[in-house]
Amino acid sequence: MLHIPNFDIIIRWLQQGQIPHYMCDQCHGIHMVDVQSLEGVLESRLFVENEGLLLSTELEVRPTGLLLLVSELGRLNMNYPSLKVFVDVVDDNLPRLMVCASAYTEAGMTPEQLTLFVQRTIAATQQLISECEQLGVLNPAEEVPDNRAVH
């Protein structure tokens, strides 16, 4: 049976599908733990909107890798057809790689369809992140300096 899911139904279906997630106080998105825990990922959230779902992941781009990343965008979008991959450049922040997928829910959805959508999107996003790491375009997590003196 198809349901037009709202926020509460999506939360229940994510729990039933055993998809790790959490909610924070700062946004109305559902954070995806499996992607957000990866190095370089700033945010990975599922947004429940009136017309559908948007799973969005933001990664910080190394400024020196921006040109290479932009030149690879066409290929990345072709290699990952279920994802929309683009760069967001704002004057006062480092560039970000945006990875998004959407699903329309106006005609209805089942719990199995949601689980499949989220699992496949997470898998494709993880694979894309790995490819971007190999290209060296992502900003690595800040290293904690070692305060031990070497004598």
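Quick note: structure is the one above.
First, a word on scope: everything that follows refers to the structure included in this document. Quick caveat, the model's predicted, so the values are computed rather than measured. (Residues numbered from 1 in each chain as written. Predicted model: local features only at pLDDT ≥ 70, side-chain atom pairs only at ≥ 80, totals over all residues. Heavy atoms only, no water.)

**Thoughts on helix α3 (residues 66-79)**
Okay, step 1: Between its first and last C-alpha, α3 extends 19 Å over 14 residues, near the 20 Å set by a 1.5 Å rise per residue.
Okay, step 2: Roughly 45 degrees is the biggest bend found in α3, and it falls at Leu73.
Okay, step 3: If you check which residues of α3 are buried, you get Leu69, Glu72, Leu73 and Leu76.
Okay, step 4: Among the structural elements, β5 (84-88), β6 (96-104) and α4 (111-135) are those in contact with the buried residues of α3. (Helix = DSSP H or I, 4+ residues; strand = E, 2+ residues; numbered from the N terminus. Expected span 1.5 Å × (residues − 1). Bend = angle between axes of the 7 residues up to and from the residue. Buried < 20%, exposed > 50% of the residue type's maximum accessible area, 1.4 Å probe, protein only. Contact = heavy atoms within 4.5 Å.)

**Some points on the environment of Arg75**
Okay, step 1: On the secondary structure map, Arg75 appears in helix α3.
Okay, step 2: With residues up to four places along the chain from it excluded, the contact list for Arg75 reads Glu131 and Leu135.
Okay, step 3: Among the polar contacts listed, one links the side chain of Arg75 to the side chain of Glu72, at a separation of 2.5 Å. (Polar contact = N/O pair within 3.5 Å; in protein donor to acceptor, adjacent residues only side chain to side chain.)

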